[in-house]
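# Architecture and fold: a report
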Amino acid sequence: MKMVLEKYIQNLFLWKEKNEKVKNAKEERKLTEAEEKRKKEYEKIKEEMLKKGYEEKDLTVGVVYANVMAIVTAIPIIILFFLLYCMTDYPFHNFDNYLIRIIFVACFLASIVIHELIHGFFWGIFAEGHFQSIKFGFIAKYCTPYCTCKSPLNKYQYITGCIMPTIILGILPCIISLFNGQSMLLYFGFLMILAGGADLLIVYKVLFNKSEKKEVLYLDHPYDLGTMKFEK
């Protein structure tokens, strides 16, 4: 069963030749001044790593493709917590209270910013330049904010920074709702797990993109979703 599950995840998230074509077909967009600056900084770091004998591998994903596949990665987790909540005696609340609607929407909007700040906080802890290595941006075309780290990180440092927003804002509220019966927390957790679906997608790709090399580092892409893998 474990082998079947691992094979399924690999087939779903490694995107071999046909899926790489989808990623490579993503539309080019005009970079902002800040993104152009980060691109130059990235190219400089990349050049230094290539001189040290590292090989580069692209693990980025297109924004549209990531948003679609994010649903695939998030839905199983949402279904799990939904079933667990159904096993409790707690009721499901609705949004008939106007004040609750306002608070819920306000929390959701605030969480969009908080999500990226959590990325930056954890990557900033691990990065060589700490929080000076963290930069934020916004892809206006897709209304997508993002956080990027310009320092290379090892696998588990990168994964930690990548997945923590989903754990803190999504999974943790769902777990709390199982104990206190606040279904609004459950709903909020569902939204945050969906919002972190692209992050889960990248984590899966990093985890299942195995390497036989001894040294493997991940350098966050300066403006695209995902990371670049350097190994030697």
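Residues numbered from 1 in each chain as written. Predicted model: local features only at pLDDT ≥ 70, side-chain atom pairs only at ≥ 80, totals over all residues. Heavy atoms only, no water.

### Some remarks on the confidence of the model for the chain
- Residues with a pLDDT of 70 or more make up 86% of the chain, whose mean pLDDT is 83.
- When pLDDT is averaged over each helix and strand of the chain, the minimum, 45, is found for helix α2 (residues 17–24) and the maximum, 95, for helix α6 (residues 155–180).
- Considering only residues more than four positions removed or in separate chains, one finds that residues 15–27, a stretch of pLDDT under 50, has 22 contacts. (pLDDT = per-residue confidence, 0-100. Helix = DSSP H or I, 4+ residues; strand = E, 2+ residues; numbered from the N terminus. Contact = heavy atoms within 4.5 Å.)

### Side note on the packing of aromatic side chains
- Tallied over the entire structure, the rule returns eight aromatic pairs.
- Measuring from ring centre to ring centre gives 6.3 Å for Tyr-85 and Tyr-90, while their planes differ by 40°; the resulting arrangement is tilted.
- On the basis of relative accessibility, which here comes to 32%, the residue Tyr-90 falls in the partly exposed class.
- A centroid spacing of 5.3 Å and a plane angle of 20° characterise the contact between Trp-123 and Tyr-158, whose relative ring orientation is stacked. Taken as a pair, Trp-123 in helix α5 (residues 98–126) and Tyr-158 in helix α6 lie far apart in primary sequence, 35 residues in all.
- The class of Trp-123 is buried, set by a relative accessible area of 3%.
- The class for Tyr-158 is buried, based on a relative accessible area of 2%.
- Among the aromatic residues, those joined into a cluster by ring pairs are Phe-82, Tyr-85, Tyr-90 and Phe-92. (Phe/Tyr/Trp six-rings, centres within 6.5 Å; stacked < 30°, edge-to-face > 60°. Buried < 20%, exposed > 50% of the residue type's maximum accessible area, 1.4 Å probe, protein only.)

### Description of the environment of Thr-60
- When you line up the elements, Thr-60 lands in strand β1 (residues 55–61).
- Its relative accessible area of 1% is what places Thr-60 among the buried residues.
- Spatially, the C-alpha atoms of Thr-60 and Lys-205 are 9.3 Å apart, while their sequence positions differ by 145 residues.

### Side note on the packing of helix α4 (residues 63–86) against helix α7 (residues 183–195)
- Closest axis-to-axis distance for the α4/α7 pair is 8 Å, and the angle between their directions is 160°. As the angle between them shows, α4 and α7 are arranged roughly antiparallel. Judged by the twist between their axes, the crossing of α4 over α7 is right-handed. Contacts from Ala-70, Ile-71, Ala-74, Ile-75, Ile-77, Ile-78, Phe-81, Phe-82 and Tyr-85 in α4 reach Ser-183, Leu-186, Phe-190, Ile-193 and Leu-194 in α7.
- Within the contact of α4 with α7, the residues separate by chemical class into 13 nonpolar, one polar and no charged. (Axes fitted to C-alpha atoms, helices over the stretch in contact; angles between N-to-C directions. Parallel < 35°, antiparallel > 145°, perpendicular 65-115°, else oblique. Left-handed = near helix turned anticlockwise from the far one by under 90°. Nonpolar A, V, L, I, M, F, W, Y, C, P; charged D, E, K, R; others polar.)

### Concerning helix α8 (residues 197–208)
- Taking 1.5 Å as the rise per residue, α8 with twelve residues should run 16 Å; its terminal C-alpha atoms sit 16 Å apart, in good agreement.
- Counting buried residues along α8, ten of its twelve residues qualify, which places the element largely inside the surrounding structure.
- Buried within α8 are the following residues: Gly-197, Ala-198, Asp-199, Leu-200, Leu-201, Ile-202, Val-203, Lys-205, Val-206 and Phe-208. (Expected span 1.5 Å × (residues − 1).)

### Structural notes on unusual backbone geometry
- Phi is positive for His-130, which is not a glycine, with a value near 50°.
- One can find His-130 in the loop between α5 and β2 (134–139).
- You can call His-130 partly exposed: its relative accessible area is 42%.

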